[in-house]
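Analysis of the macromolecular model
As a plain string of letters, each chain reads:
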Amino acid sequence: MMAKTTEQHAVVVVGGGPAGLAAAIAAYEAGESDVLVLERDTQLGGILNQCIHNGFGLHTFNEELTGPEYAARFIDKAASLGIEYRLGTMVIDVSEERVVTTVSAEDGVQSIKAGAVVLAMGCRERPRGALATPGFRPAGVYSAGTAQRLVNIEGELPGREVVILGSGDIGLIMARRMTLEGAHVACVAEIMPYSGGLKRNIVQCLDDFGIPLLLSHTVVDVEGRNRVEAVTIAQVDENLKPIPGTEVRYPCDTLMLSVGLLPENELSREAGVQLSPVTRGPVVDQSLQTSIPGIFACGNVLHVHDLVDFVSQEAAAAGEQAARYVQGGCQTVAERGVPVVATDGVRYTVPSYVDPQRMDDTLTVRFRVANEYRNRYVSVYLNDKRIQHRKKRVMAPGEMEQVMLKRSDLLACEDLSQITVKLEEE
Ligand SMILES: Cc1cc2nc3c(=O)[nH]c(=O)nc-3n(C[C@H](O)[C@H](O)[C@H](O)COP(=O)(O)OP(=O)(O)OC[C@H]3O[C@@H](n4cnc5c(N)ncnc54)[C@H](O)[C@@H]3O)c2cc1C
């Protein structure tokens, strides 16, 4: 690829959403003032710009902010530090040698050599094509995020009679938004026996508006040649197969899909970064460094988060570590630490590797569980020795969980070869 210029920056951040901004600020505050943020959109703030409901920032600011307000705190901070950013600039390649290739209308193709790269490209929605829903392909089938953008940014109402498939947070929030905008939401159908969204969103977005949540249900037919005219929903059995005779037809003009988010991982894959088959994001160590030295990852491109507050915390750690890398402080790569094994109801952990010699005094390990559980213990083992055992009344796949590892515990364990995070009944 022909690049117009070659410039250099200490830390290059790909993506100017909440993760990218928090990473850039932390890298700056850790002593690297030469930070560049690259954003393909026309404004900073990422997906938060279309999330106009409140509920953001409770952990970070102890306030209930809207998405744009939350983003603005970080945009203002970055501006006050004079952090450089480029809008309308799409990163099309990141090489193993940390050469970042961009394209923009103004500057054409450029290549930038980075001391360290922070990947913060966010996630995208799983589309209808991934679902194999039977029926026609008429207009009126939207992903919930597209509908959110249409309503909250473009000022368009995508439909008046709505059925939502999937109970991820964006779908729940859109059920409320569509109702507030004057549409009628007939129901939210969820194929699993539990919701994929936060409990607080089920209460505030469905229960408060009398919108039924049909667990163990899915769409089995979509009618309409030009525009959606009706969808049929049926109950599913324990193998997620529709049960004949349970079909109910819902006349509607809109089917909204909220069936999962996937890390935006093309750049990571092209760079040769090792990806987790569970999260679909990069495998990282305690520094949030990927399998390639000097390339770090954070936010939804690493694993899909439930709350943006945790995105900001994680991204700040990635930015700080990227600065330390540039300063020569952390040179290990992900596969060289002690593996963190997720098992018995724990789907994955971030990070996947921990080097006790190089970790901070404490390390937050985040994870999601595989099912809905009540009164289970979250246990941490160092080799065969259990060092943490904490009872949780309720755990669900829609909510992120975490444990805290202490460096002193890890260093005290002789021949530490495995850290295990799992659920136990007693
Ligand atoms: C449609 C949608 C709606 C959501 N609604 C909510 C909500 O209501 N509440 C909530 O708590 N969470 C919501 N989330 C989750 C939300 O994404 C996270 O809380 C948070 O925004 C993640 O921050 P991020 O910086 O990792 O990703 P994002 O906010 O997605 O930011 C990533 C940024 O990277 C940029 N980018 C991507 N690829 C490139 C590239 N190649 N070159 C340059 N720039 C690039 C994108 O344009 C974007 O600005 C939503 C997610 C989606 C997808």
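The structure we're discussing is the one just above.
Now for a description of the structure that goes with this document. The structure presented is a predicted model; accordingly, all values stated were derived computationally and were not measured. For every chain, the first residue of the written sequence is number 1, and numbering continues from 1 along that sequence. It should be noted that, the model being predicted, local features are given only for residues of pLDDT at least 70 and side-chain atom pairs only at 80 or more, the latter also being counted only at that level, while totals for whole chains, interfaces and linings use all residues. Calculated side-chain values reflect all of the structure's heavy atoms, with hydrogen atoms and water omitted.

To continue, consider helix 5 (residues 169-180). Helix length check: helix 5 (12 residues) gives 17 Å between terminal C-alpha atoms against 16 Å at 1.5 Å per residue, within 8%. Here's how the labels work: a residue is buried when its accessible area is under 20% of the maximum for its type, exposed when over 50%, partly exposed in between, all with a 1.4 Å probe on protein chains only. Runs of H or I in DSSP of at least four residues are treated as helices and runs of E of at least two as strands, each being numbered from the N terminus. Extensive coverage of helix 5 is indicated by the burial of 9 of its 12 residues. Those residues of helix 5 lying buried are Asp169, Gly171, Leu172, Ile173, Met174, Ala175, Arg176, Arg177 and Met178. Packing partners of the buried residues in helix 5 comprise helix 4 (144-154), strand 11 (161-165), strand 12 (184-190), helix 6 (199-206) and strand 17 (254-257). A helix is expected to span 1.5 Å for every residue after the first. Note on contacts: a residue pair is in contact if any heavy atoms of the two residues lie within 4.5 Å.

What follows is about the site of the ligand. Throughout, the term near means that a residue has one or more heavy atoms lying within 4 Å of the molecule or strand in question. As a structural note, the neighbourhood of the ligand is formed by 32 residues, with Ala19, Glu39, His53, Val91 and Asn300 the closest of them. The contact in question runs from an oxygen atom of the ligand to an N or O atom on the backbone of Ala19, over 2.9 Å. Two N or O atoms form a polar contact when they lie within 3.5 Å of each other; inside protein one atom must be a possible hydrogen donor and the other a possible acceptor, and for residues adjacent in sequence the pair counts only when both atoms belong to side chains. For the ligand, an oxygen atom lies 2.9 Å from a polar atom in the backbone of Asn300. Accessible surface area values rest on a Shrake-Rupley calculation with a 1.4 Å probe, where residue burial reflects the displayed protein chains alone. When the ligand is considered free in solution it has 960 Å² of accessible area, and contact with the protein chains removes 94% of it. Breaking the shell around the ligand down by element, the ones donating at least two residues are helix 1 (18-29), strand 6 (89-94), helix 4, helix 5 and helix 8 (308-326). Considered class by class, the residues forming the shell around the ligand number 18 nonpolar, 11 polar and 3 charged. Residue classes follow a fixed rule: Ala, Val, Leu, Ile, Met, Phe, Trp, Tyr, Cys and Pro count as nonpolar, while Asp, Glu, Lys and Arg count as charged, and any other residue, Gly among them, counts as polar.

Its place among the elements puts His53 in the loop between strand 2 (35-38) and strand 3 (54-56). Judged by its relative accessible area of 11%, His53 is buried. Excluding residues within four positions of it along the chain, His53 makes contact with Leu65, Thr66, Gly67, Gln148, Ile173 and Arg176.

Structurally, Cys205 is set in helix 6. Residues in contact with Cys205, not counting those within four places in the same chain, are Leu172, Ile173, Ala175, Arg176 and Ile211.

The angle between two axes is taken between their N-to-C directions and runs from 0 to 180 degrees, where each axis is a line fitted to C-alpha atoms and a helix contributes only its stretch in contact. With their axes 9 Å apart at the nearest point, helix 1 and helix 3 (residues 67-81) run at an angle of 35° to one another. Note that helix 1 runs across helix 3; the crossing there is left-handed. Across from Leu21, Ala22, Ile25, Tyr28 and Glu29 in helix 1, the residues of helix 3 making contact are Ala71, Phe74, Ile75, Lys77, Ala78 and Leu81. Taken together, the residues of the contact of helix 1 with helix 3 sort by class into 9 nonpolar, no polar and 2 charged. Crossings are assigned a handedness: left-handed for a near helix turned anticlockwise from the far helix by less than a right angle, right-handed for a clockwise turn.

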